[in-house]
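Descriptive structure summary
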Amino acid sequence: MTRSFNFSAGPSTLPLPVLEKVQKEFLSFQGTGMSIIEISHRSNYFEEIMEQTEQLLRELMNIPNNYKVLFVQGGASLQFSMVPMNLLTSYNTSYYVNTGSWAKKAIAEAEKYGEVHVQNCPIHHIPKLSLDSISLVDYVHITTNNTIEGTKFASIPNTGNVPLVADMSSNILSEEYDVEKFGVIYAGAQKNIGPAGLCIVIVREDLVGQNTLHTLPTMLNYETYVKSNSMYNTPPTFNIYIMKLVLEWLKQLGGVQQIEKINKEKAALLYNFLDESTLFYSNVHIENRSLMNIPFNTTSSQLNEQFISEATSAGFYFLKGHRSIGGMRASLYNAMPIDGVKALVSFMKQFEMKARMSNV
Ligand SMILES: *Cc1c(COP(=O)(O)O)cnc(C)c1O
């Protein structure tokens, strides 16, 4: 069996040792003769997994004690609703930085619950924002990494006393962040954490239980998850188990500081080539270039199609860009080995040479 180089934006490639362990343990978890997906979430086996998963995440992200870690279903998209439902209190107003498609979806949900001030950013560039004097809003919302546009915040804006909420779906655990700068961090699992469906919410404890409206559905209230250790109902046990294995893999590798170094190296390989190339290019402002999602293009849509098709035949999967941006996109999440990026760059070089020769 050979593994392909999978550049999908999500669900995306996972570490091979994790998949192998899942396979090995699948029929009999820890010698029990039962699969992990057959075991009660209230059993000691699973409670231990849950506890260890949270501990690993706390350790890897250096999460302070006054933050709660919640395991929620509904993906990151449900947080687009849960954030306003839980955090809109004093002012019934929020402030969103619109940096692209996912931010727009978050804004559309927030507008259903209160007033939203929107700061629009250009598609390829996130200018430095001064938000430190912002007031009379319940929270500020940003998307740290824009999966579709390939941009990221060069630095996290200071919002003073106003809680900062971040959608970190596509770059959580890929570079170091100071959790204390945020009131809420949420991330869908299917990029750097594990299988789709699970969403991790990290919330400062004073922001929990603010909305006292009795119409707030139990399952959409952060307090429910805090009070029940995310076990009010059956949590997505298989996803959490795989998340634990991914975090163990990351810890063994040296943690977030180490993977950030590797991620920078990986991204630099591709960006350096794009900057040198006379065929391929990146449109993203240098200081906002994402380490995780790298859109690129040629000036010919016909060449793009040919490139994607030849790349797929050569075993480089899912390089087609998002339909709203076009061109190509390579997602280089934590689990993408550096050899995958080297192989891609060398394939692109060959393609460029061939294209030049048939042109002149
Ligand atoms: C993938 C993604 C989402 C959506 O995640 P779902 O789990 O599909 O809801 C939201 N925000 C960002 C930044 C993403 O990359």
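Once a new chain begins, its residue numbering starts again from 1 and follows that chain's sequence as written. Where totals are concerned, whole chains, interfaces and linings use all residues; where local detail is concerned, this predicted model gives features only for residues with pLDDT of at least 70, and gives and counts side-chain atom pairs only at 80 or more. Note: side-chain values were computed over all heavy atoms of the structure, leaving out hydrogens and water.

- Taking an unreviewed UniProt entry as the reference, the chain is identified by name as Phosphoserine aminotransferase belonging to Sutcliffiella cohnii.
- UniProt positions are given in the numbering used here, feature names are shortened, and annotations may be inferred rather than shown by experiment. Comment text from UniProt for the chain, heading Subcellular location (unreviewed entry), reads "Cytoplasm".
- Regarding the chain, the relevant UniProt record gives this comment under Subunit (unreviewed entry): "Homodimer."

As for the UniProt feature "domain: Aminotransferase class V" (unreviewed entry) in the chain
- According to UniProt, the "domain: Aminotransferase class V" (unreviewed entry) feature falls on residues 5–344.
- Working definition: helices are DSSP H or I runs of at least four residues, strands are E runs of at least two. Numbering for both runs from the N terminus. In the segment residues 5–344, helix accounts for 34% and strand for 16%; the C-alpha atoms at its two ends are 9 Å apart.

Side note on the pairing of strand E3 (residues 93–98)
- In this scheme, a residue with accessible area under 20% of its type's maximum is buried, one over 50% is exposed, and one in between is partly exposed, where area comes from a 1.4 Å probe on protein chains only. The buried fraction of E3 is high, at six of six residues.
- Residue alternation in E3 divides its side chains into two sets, Thr93, Tyr95 and Val97 and Ser94, Tyr96 and Asn98, and both sets are buried.
- In this analysis, strands are considered paired if DSSP registers two or more bridges between them. As defined by bridge partners, E3 adjoins strand E4 (residues 115–120) across six bridges and the pair is classed as parallel. Across the sheet, tyrosine 95 pairs through a bridge with histidine 117, a residue of E4.
- Handedness of a crossover: with both strands directed away from the viewer, a clockwise path from the first strand across the helix to the second marks it as right-handed. For the crossover that starts at E3, traverses helix H4 (residues 101–110) and ends in the parallel E4, the hand is right-handed.

Some details on a nonpolar patch on the surface
- Candidates for patches are residues over 30% relative accessible area with no salt bridge; among them, like charges are joined within 9 Å and nonpolar side chains (Val, Leu, Ile, Met, Phe, Trp, Tyr) within 5 Å. The accessible surface values rely on the Shrake-Rupley method and a 1.4 Å probe; as for residues, cover is taken only from the protein chains in view. Any Lys or Arg side-chain nitrogen found within 4 Å of a carboxyl oxygen on Asp or Glu counts as a salt bridge. Side chains of Phe26, Leu27 and Ile37 sit close together on the surface and give an oily, nonpolar patch of about 300 Å² of accessible area.
- Inspection of the secondary structure assignment puts phenylalanine 26 in the loop between helix H1 (16–25) and helix H2 (44–61).

Digging into the environment of isoleucine 156
- For isoleucine 156, the location among the structural elements is in the loop between strand E7 (151–152) and strand E8 (164–167).
- What makes isoleucine 156 buried here is its relative accessible area of 15%.
- Considering only alpha carbons, one finds isoleucine 156 and proline 235, 79 residues apart in sequence, at a separation of 32 Å.
- Contact definition: two residues touch when any of their heavy atoms are within 4.5 Å. Residues in contact with isoleucine 156, not counting those within four places in the same chain, are Ile142, Thr144, Leu164, Tyr177, Lys181 and Phe182.

Section: the site of the ligand
- A cutoff of 4 Å decides nearness: a residue is near a molecule or strand if any of its heavy atoms lies inside that distance of it. The local shell around the ligand holds 13 residues, among which Ser77, Thr147, Asp167, Gln190 and Lys191 are the closest.
- One of the backbone N or O atoms of alanine 76 is found 3.1 Å from an oxygen atom in the ligand.
- Here a polar contact means two N or O atoms within 3.5 Å. Within protein one must be a hydrogen donor candidate and the other an acceptor candidate, and residues neighboring in sequence count only if both atoms are side-chain atoms. Take threonine 147: an N or O atom from its side chain is 2.4 Å from an oxygen atom of the ligand.
- Burial of the ligand by the surrounding chains reaches 88%, relative to a free accessible area of 380 Å².
- The class makeup of the residues in the shell around the ligand is three nonpolar, eight polar and two charged. All residues other than Ala, Val, Leu, Ile, Met, Phe, Trp, Tyr, Cys, Pro, Asp, Glu, Lys and Arg, Gly among them, are scored as polar; the first ten of these are nonpolar and the last four charged.

Focus on the sheet that holds strand E10 (residues 198–204)
- Strand order in this open sheet of seven strands is E2-E10-E9-E8-E5-E3-E4, and the pairing throughout is mixed. Only two strands of the sheet have a single neighbouring strand rather than two, namely strand E2 (67–73) and E4. This sheet shows a mean twist of 20 degrees between the axes of neighbouring strands, independent of strand direction.
- Of the strands in this sheet, E2, strand E9 (184–188) and E10 touch H2, which is tilted by about 125 degrees from E2. Every axis in this analysis is a line fitted to C-alpha atoms, fitted for helices over the stretch in contact. Angles between the N-to-C directions lie between 0 and 180 degrees.

Side note on empty space enclosed by the protein
- Here a cavity means grid points, on a 1 Å grid over the protein atoms only, where a 1.4 Å probe fits yet cannot get out; a pocket means an open set of points with protein on both sides within 12 Å along at least five of seven lines; lining residues are those with an atom within 4 Å of a point. Grid points are joined across faces, edges and corners, and a volume is the space filled by probe spheres set on the points. Within this structure, the stated rule accounts for one cavity of 30 Å³ or more.
- Thr13, Leu14, Pro15, Lys191, Asn192, Val246, Trp249, Asn334 and Ala335 are the residues that line the largest cavity.
- Here the residues of the lining of the largest cavity are counted per class, giving five nonpolar, three polar and one charged.

Looking at the nonpolar core
- Residues belong to one nonpolar core when they are buried, are Ala, Val, Leu, Ile, Met, Phe, Trp, Tyr or Cys, and are joined through side-chain atoms within 4.5 Å. Ranked by size, the top nonpolar core spans 57 residues in total, and within it Leu57, Met61, Leu173, Phe182, Ile200 and Ile202 carry the most contacts.
- Broken down by element, this core gets its largest block of residues, nine residues, from helix H6 (residues 237–253).
- With sequence-adjacent residues up to four places away left out, methionine 61 is seen in contact with Ile172, Leu173, Tyr177, Val179, Ile185 and Ile202.
- Within the second largest apolar cluster, 31 residues are counted, among which are Phe7, Ala267, Phe307 and Met336.

Regarding the packing of H2 against H6
- In contact at an axis separation of 9 Å, H2 and H6 are set at 40 degrees when each is read in the N-to-C sense. In this view, H2 runs oblique relative to H6, as classed from their interaxial angle. Crossing hand, H2 versus H6: left-handed. In this structure, H2 contributes Phe46, Ile49, Met50, Gln52, Thr53, Leu56, Leu57, Glu59 and Leu60 to the contact, and H6 contributes Thr237, Ile240, Tyr241, Met243, Lys244, Leu247, Glu248, Leu250 and Lys251. An angle below 35 degrees is treated as roughly parallel, one above 145 as roughly antiparallel, one from 65 to 115 as roughly perpendicular, and anything else as oblique. By definition, any crossing whose near helix is turned counterclockwise from its far helix by less than a right angle is left-handed, and any crossing with a clockwise turn is right-handed.

Brief notes about the environment of valine 83
- Here valine 83 shows up in helix H3 (residues 75–87).
- Residue valine 83 is classed as buried on the basis of its relative accessible area, which comes to 1%.
- Placed 82 residues apart in sequence, valine 83 and valine 165 show a C-alpha to C-alpha distance of 8.2 Å.
- Ignoring sequence-local partners within four residues, the contact set of valine 83 consists of Leu88, Tyr96, Tyr139, Val165, Tyr186 and Tyr222.

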